[in-house]
Amino acid sequence: MNRGIECGKYLRAVLAIAVLASMPFGAAVRGQAPHRDALPAALQKTEVKAAKRPRLVVLLVVDQMRADYVDKFAGQWHGGLKRLVEQGAWFHDAAYPYAATETCPGHATISTGAFPATHGMVGNGWWDRDAGKMITCTADPKTKNLGYAGATASDGDSAWRMQVPAFADELKFQSGGPTKVVALSLKARAAITMGGRTADDVAWFETSTGAWVTSDVYGVHPWVDEYVKSHPAKADYGKTWTLTLPKTAYLYEENAVGTGPPPGWEHTLPHPLRGKTGNGDPDKDFYTQWQTSPFADSYLVKLGEAAVRSLHPANGSETDFLAISFSSIDHIGHAFGPRSWEIQDALVQLDRDLGDFFSVLDKEVGRGNYVVAFSGDHGVAPIPEDVTKAGGDAGWLNMAEVQTRIESALKPLNYPKPAVAKAAGDEIYFAKGVYDQLKGDPKAMAAVLDAIQNVPGVLRVYRAEEVDDPQATEDPIRKAFAASYFAGRSGDLLVAPKAYWPVGYAVPGKERAGGTTHGTPYYYDQRVPLLLMGWGIRPGSYYRAVTPADIAPTLAELCGITLATRDGQVLAEALQPKGNGISTTR
Ligand SMILES: [Zn+2]
């Protein structure tokens, strides 16, 4: 029996019931206090007391934030990041236990409290074997995207491929009141996975057009429309990203080794936002520069502040949910690496902006009335050239080379040509029928595995059936692949790289553009910050090994709701005992 498929079927059934049940229910009770009149007076009093919970749950995710950025750079901070570290519960040893350390799996894990083997978001995209094409994790052919501020939008996106309800879905369904859910990011795969299926306001940014968009699943909302109309991203055209602190305040070299800046930028700051040509036209290159700068994160903070005001949290007794994923650190990290002045400066600016954001929350929601969960969706590898320059073993595992060698190994044998349908990330998808044929042909299978094993940077190769049972092994790398394996979506072969050998697709003989990436089962890709602050939280430093899948169960405990399924656990040591005046923000 195939565990992945059975698990998926079960969850789809649970979700279908939950979604069907939630729609009429959610619509009927909005703005009402259900059934309260029918209760005796004493019970009404008890119910009101027992329902005490935070007015607002705030989820903040910094895309590609390594945990050691807090350890190394906190001395440069004086605003919101510093407040999280000093006043929050800081889990120092938080890491994803799976191999697919990418944006969509990370956000879905934080959002649901489950791992990819359960929630099914196995990558930012995967090979759709039936359609014979790559699909993104949020692509939904039954929906249509809508543009804000009069912009046009293409395609359709939703959370329908996520096999487990988001914490936000559960909060909205179970609170039985006018709970509102808002999720914002530059990326659809971050905003949608955090907001879930039943969110109210979800918005993301289309880099190719500079438009803010949403899906008809969520609809267009006036407060976003008004904000985007009066604050177009192109208003930042012509600005320059300069160093915030004196040069002596930054760690490492000003010119990091092996960087790959976006078009129109040099290898060191300052970076002007004038597109590639600088001819006054906010083109696609300008929007690429914008999203690779602190200006985009500042924009998201301000949009988040507008969201807080739209929620009117001080008036309501229900718990609202606001999630923001900051994407710029990811774009900056890919281009300049984790040992760059750009990363440090962008975090200094995010720290300042989050300080302002928390001040707005203090004023609008009330200090101590909200809880903040802060984390990253994955880390990042150092730039391989930076490691080799220091004498380490590093490089790029070239998956194009892997694909070529598989075809060569099968060429003399009776297999379709080409035998590989797609190499995506570290995974190999064979053409229809090829993998089944290989499974019954040990000699050919051995030839394929040998061919892959000889590519520089390959640690080992797993066959799908080897990772479809996470209980079967104690090998940590194989276990990590098992935790992000979902039958039907994941590849037939999974190529595990050596440490410091990120996966790339460089064409042999051509110079790579520079930069680095993530997506492997190594600690530098898996380890992220995890901090909680505010309502119900006991501040302190905690060193137990935890995962970001623990965030949703912990928020559920604080809000008095139950998740249908979870792989994470409640971070009990960071919670105040219930019933003794829970508000703890200092
Ligand atoms: Zn990411």
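Rules of the game
- Residues numbered from 1 in each chain as written.
- Predicted model: local features only at pLDDT ≥ 70, side-chain atom pairs only at ≥ 80, totals over all residues.
- Heavy atoms only, no water.
- Helix = DSSP H or I, 4+ residues; strand = E, 2+ residues; numbered from the N terminus.
- Buried < 20%, exposed > 50% of the residue type's maximum accessible area, 1.4 Å probe, protein only.
- Areas by Shrake-Rupley, 256 points an atom, 1.4 Å probe, with all protein chains shown as cover.
- pLDDT = per-residue confidence, 0-100.
- Contact = heavy atoms within 4.5 Å.
- Core = buried A, V, L, I, M, F, W, Y, C linked by side-chain atoms within 4.5 Å.
- Axes fitted to C-alpha atoms, helices over the stretch in contact; angles between N-to-C directions.
- Left-handed = near helix turned anticlockwise from the far one by under 90°.
- Nonpolar A, V, L, I, M, F, W, Y, C, P; charged D, E, K, R; others polar.
- Pairing = 2+ DSSP bridges.
- Donors = N, O, S within 2.8 Å, 3.2 Å for Na, K, Ca; no water.
- Tetrahedral: all angles 85-135°; square planar, octahedral: opposite > 155°, others 65-115°.
- Disulfide = S-S within 2.5 Å.
- Salt bridge = Lys/Arg side-chain N within 4 Å of Asp/Glu carboxyl O.

> Any chance you could explain the overall build of the protein chain here in plain terms?
Helix and strand counts for the protein chain stand at 21 helices and 20 strands. Put simply, the protein chain has 586 residues, and 59% of those count as buried. Summed over its atoms, the accessible surface of the protein chain is roughly 23,000 Å², and 54% of this surface lies on carbon and sulfur atoms.

> Can you help me understand the confidence of the model for the protein chain in this one?
Interpretation of the predicted coordinates at a detailed level should be avoided for regions scoring low in pLDDT. Averaged over all residues, the pLDDT of the protein chain equals 89, while 88% of them reach at least 70. With pLDDT under 50 throughout, residues 1-51 is counted as low confidence; its partners more than four residues away or in other chains account for 48 contacts. Scored below 50 in pLDDT, residues 580-586 shows 19 contacts in the model against residues more than four places distant or in partner chains.

> How should helix H7 (residues 167-175) be read in this particular structure?
Side chains three or four residues apart in an α-helix point the same way, a direct result of the helix having 3.6 residues per turn. Burial analysis of H7 places seven of its nine residues in the buried class, which makes it a mostly covered element. For H7, the full list of buried residues reads Phe 167, Ala 168, Asp 169, Glu 170, Leu 171, Lys 172 and Ser 175. Close packing links the buried residues of H7 with strand E1 (56-62), helix H5 (103-112), strand E6 (181-185), helix H8 (188-195), strand E11 (320-326) and helix H21 (551-559).

> Teacher, can you tell me more about the nonpolar core here?
Generally speaking, soluble globular proteins have nonpolar side chains that are buried together. Grouped together as the largest cluster of nonpolar side chains are 66 residues, with contacts concentrated most on Leu 60, Leu 184, Trp 212, Trp 290, Leu 347 and Phe 357. For Trp 290, the residues in contact, after removing those within four places along its chain, are Leu 186, Phe 205, Trp 212, Ala 233, Asp 236, Leu 273, Phe 295, Ala 296 and Tyr 299. Membership of the second largest hydrophobic core comes to 51 residues, among which are Tyr 96, Ala 188, Val 371 and Leu 571.

> Would you mind showing me how to read the packing of helix H9 (residues 222-230) against helix H11 (residues 294-311) here?
Packed helices, taken two at a time, are described by the angle between their axes plus the distance between the axes. Direction vectors running N to C along H9 and H11 enclose 145°, while the axes themselves pass 10 Å from each other. Two packed elements cross with a definite hand, and for H9 against H11 that hand is right-handed. Contacts between H9 and H11 involve Trp 223, Tyr 227 and Val 228 on the former and, on the latter, Tyr 299, Lys 302, Leu 303, Ala 306, Ala 307 and Ser 310. Classifying every residue of the contact of H9 with H11 by side-chain character gives seven nonpolar, one polar and one charged.

> What should I look at first to understand the environment of Ala 464 in this one?
Along the chain, Ala 464 falls in helix H18 (residues 464-467). Remark: the alpha-carbon pair of Ala 464 and Gly 491, spanning 27 residues in sequence, is separated by 6.9 Å. Once you skip the residues sitting within four places of it in the chain, Ala 464 turns out to touch Tyr 435, Tyr 485, Gly 491, Asp 492 and Leu 494.

> Which parts of the structure should I look at to understand the sheet that holds strand E12 (residues 370-376)?
Think of a sheet as strands paired side by side through backbone hydrogen bonds, with each pair either parallel or antiparallel. Sheet architecture is open: ten strands sit in the order E5-E8-E7-E6-E11-E1-E12-E19-E2-E20, paired in mixed fashion. This sheet does not close on itself; its edge strands, each paired only once, are strand E5 (145-147) and strand E20 (540-542). Averaged over all neighbouring strand pairs, the angle between strand axes comes to 20°, with direction disregarded. In this structure, E6 lies alongside E11, joined through five bridges in parallel fashion. When the bridges of E11 are listed, Ser 185 appears paired with Ser 325. Across the sheet, H5 touches E1, E11 and E12, and the angle it forms with E1 is around 160°. In this fold H8 packs onto E1, E6, strand E7 (201-206) and E11, with an angle of close to 165° to the strand it touches most, E6.

> Before we go on, may I ask you to explain the coordination of the zinc ion in this structure?
Those donors, Asp 63 (OD), Thr 103 (OG1), Asp 377 (OD) and His 378 (NE2), are the protein atoms that reach the zinc ion, and they lie 2.0 to 2.2 Å from it. Coordination at the zinc ion is tetrahedral: its four donor atoms span angles of 97 to 127° at the metal. Read N to C, the donor residues that coordinate the zinc ion are spaced as D-x39-T-x273-D-H. Note that Thr 103 is positioned in helix H5 and His 378 in the loop between E12 and helix H14 (384-389), a separation of 275 residues in sequence.

> I'm lost on the sheet that holds strand E17 (residues 493-497) in this one. Help?
Spatial ordering of the open sheet is given by E14-E15-E17-E16, a layout of four strands whose pairing is antiparallel. Each edge of the open sheet is held by one strand with a lone partner, namely strand E14 (420-424) and strand E16 (458-463). Each adjacent strand pair in this sheet contributes to an overall mean axis angle of 20°, direction not counted. Pairing of E14 with strand E15 (residues 427-430), which is carried by four bridges, proceeds in the antiparallel orientation. Bridged to Ala 423 within E15 is Ile 428. Lying on the sheet, helix H17 (residues 442-453) is in contact with E15, E16 and E17; it crosses E16 at an angle near 150°.

> Just checking my understanding: could you explain the state of the cysteines for this structure?
Working definition of a disulfide: a covalent bond connecting the sulfur atoms of two cysteines. Under the definition given, this model contains one disulfide. Covalently, Cys 104 is tied to Cys 137 through a disulfide, its sulfur atoms 2.1 Å apart. An S-S torsion of about 105° defines the bridge between Cys 104 and Cys 137 as right-handed. Taken as a pair, Cys 104 in helix H5 and Cys 137 in the loop between strand E4 (133-136) and E5 lie far apart in primary sequence, 33 residues in all. One exposure class covers both Cys 104 and Cys 137, and it is buried.

> I tried to follow the side chain of Ser 111 on my own but got confused; where do I start?
With respect to the element layout, Ser 111 can be found in helix H5. Classification of Ser 111 as buried rests on a relative accessible area of 3%. If sequence neighbours within four positions are ignored, Ser 111 has contacts with Met 162, Ala 166, Phe 167, Thr 193, Met 194 and Ala 552.

> What am I meant to see in the pattern of salt bridges here?
Two side chains bearing opposite charge may form a pair once their charged atoms approach each other closely. One pass over the full model with this rule turns up 27 salt bridges. Connected through shared salt-bridge partners, Asp 63, Lys 187 and Asp 330 make up one network.

> When you look at the side chain of Asp 225 in this model, what are you seeing that I'm missing?
Along the chain, Asp 225 falls in helix H9. Those residues in contact with Asp 225, other than ones at most four positions away along the chain, are Tyr 148 and Ala 149.

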